[in-house]
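Architecture and fold: a report
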Amino acid sequence: MFLNKTKLVFLLVLGSSNAFTVNHHLLTQSKSCHQDIFELNAISDINGDNSNGNDKSDINTTTDRRGYLTKSLVALSVAFASTATPLTANAFDNKITNAYDDKIKRRGPQPKDLGISKRKDMVGEEYLGLKNCGPAPNCFCSTDDAEDDPDHSIPSWTFPKDLTKEQAFEQLQEVIQKYTPGQGNIDGGGFKIVTADATKGYIYVQFEAVKNGYIDDLEMAYMSKLGDNSVQVRSSSRVGYLDYGVNSKRVNYIAKIMRDLGWNAPGVEYSTHKGYYSENQVKP
């Protein structure tokens, strides 16, 4: 006989958390600091209280309830799998330590609209470029207009005129391949060059935080309309609101090396991004 009320509680202690509650048709998500609580609440009166003694109705109602629970459990498992992934599934080989291998990682979903494409800016005007940053102080992008979005905009980089586009991006790739995970106490989880196409002039790299596994996305793209030797740069966090200086440290680290190679590669300067430094409590 099916119980009038069934309540299943799954408690998982994790480094950071999401609480998922499934109650009838509602699936909500919220965050806490130290644990994930998954609660599935199945109420027996989905189809009303059957008290007329009709056996066939009892069977149908019970079947409906069981089907509801099954679908809810499937939804719950999908929600959990999308937010917490074991490190061993997608570990970067160049991480600085194995000490946090047993900790659930919160990488966040990979953005689906990376790369150069037609987009709309904050005022609705169409442009060709990299994905804009949005409101959170955890992203920088050369394509963002400095007048419309000064907090996220950084200047594009330009490579020496004696380099071809292909040579410039090969040079960029070589520099990134030698990137030091853990520099500035960031990116200790390592990194991976996902795409490197010198012919098209595009590089896409993923960087990982060593403890919680947060993934940041770095893109560099050639756009001829912005100058024959101009490279657009975008570095952004996937998860959270603040980045505590991670993206600025990454951009500035690579920019300095490129300047040493003769590039004009501005970084994230305190003089132009005081709001970012203040919100993320980063000393210039």
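Everything below is about the structure shown above.
First, a word on scope: everything that follows refers to the structure included in this document.

A word on unusual backbone geometry
Glycine aside, negative phi is the norm for most residues, and most peptide bonds take the trans geometry. For Tyr244, which is not glycine, the phi dihedral falls at a positive 55 degrees. Tracing the sequence through the fold places Tyr244 in the loop between strand E14 (230-237) and helix H3 (246-260). The phi torsion at Gln281 lies on the positive side, around 55 degrees, for a residue other than glycine.

Topic: the nonpolar core
Trp157, Leu172, Met220 and Trp263 are the most contacted members of the largest nonpolar core, which totals 31 residues. When residues of this core are traced back to their parent elements, those giving at least two are helix H2 (165-177), strand E12 (202-208), strand E13 (215-222), E14, H3 and helix H4 (274-279). Looking at this core, the element that brings in the most residues is H2, giving 5 residues. Those residues in contact with Met220, other than ones at most four positions away along the chain, are Trp157, Phe169, Leu172, Ile176, Gly201, Tyr202, Ile203, Val231, Gln232, Val233 and Ile254.

A word on the side chain of Gln183
In this fold, Gln183 is placed in the loop between H2 and strand E11 (191-197). At 2.8 Å, the side chain of Gln183 and the side chain of Tyr179 are in polar contact. Once you skip the residues sitting within four places of it in the chain, Gln183 turns out to touch Lys249, Arg250 and Tyr253.

Here's the deal with a negative patch on the surface
Together, Glu125, Asp145, Glu147 and Asp148 give the surface a local cluster of negative charge. Locating Glu125 in the fold gives a position in the loop between strand E7 (117-120) and strand E8 (126-129). Its relative accessible area of 51% is what places Glu125 among the exposed residues.

About the criteria used
- Residues numbered from 1 in each chain as written.
- Predicted model: local features only at pLDDT ≥ 70, side-chain atom pairs only at ≥ 80, totals over all residues.
- Heavy atoms only, no water.
- Helix = DSSP H or I, 4+ residues; strand = E, 2+ residues; numbered from the N terminus.
- Core = buried A, V, L, I, M, F, W, Y, C linked by side-chain atoms within 4.5 Å.
- Buried < 20%, exposed > 50% of the residue type's maximum accessible area, 1.4 Å probe, protein only.
- Contact = heavy atoms within 4.5 Å.
- Polar contact = N/O pair within 3.5 Å; in protein donor to acceptor, adjacent residues only side chain to side chain.
- Patch = residues over 30% accessible without salt bridge, like charges linked within 9 Å, V, L, I, M, F, W, Y side chains within 5 Å.
- Areas by Shrake-Rupley, 256 points an atom, 1.4 Å probe, with all protein chains shown as cover.
- Salt bridge = Lys/Arg side-chain N within 4 Å of Asp/Glu carboxyl O.
- Lys, Arg positive; Asp, Glu negative; His and termini not counted.
- Charge placed at Lys NZ, Arg CZ, Asp CG, Glu CD.

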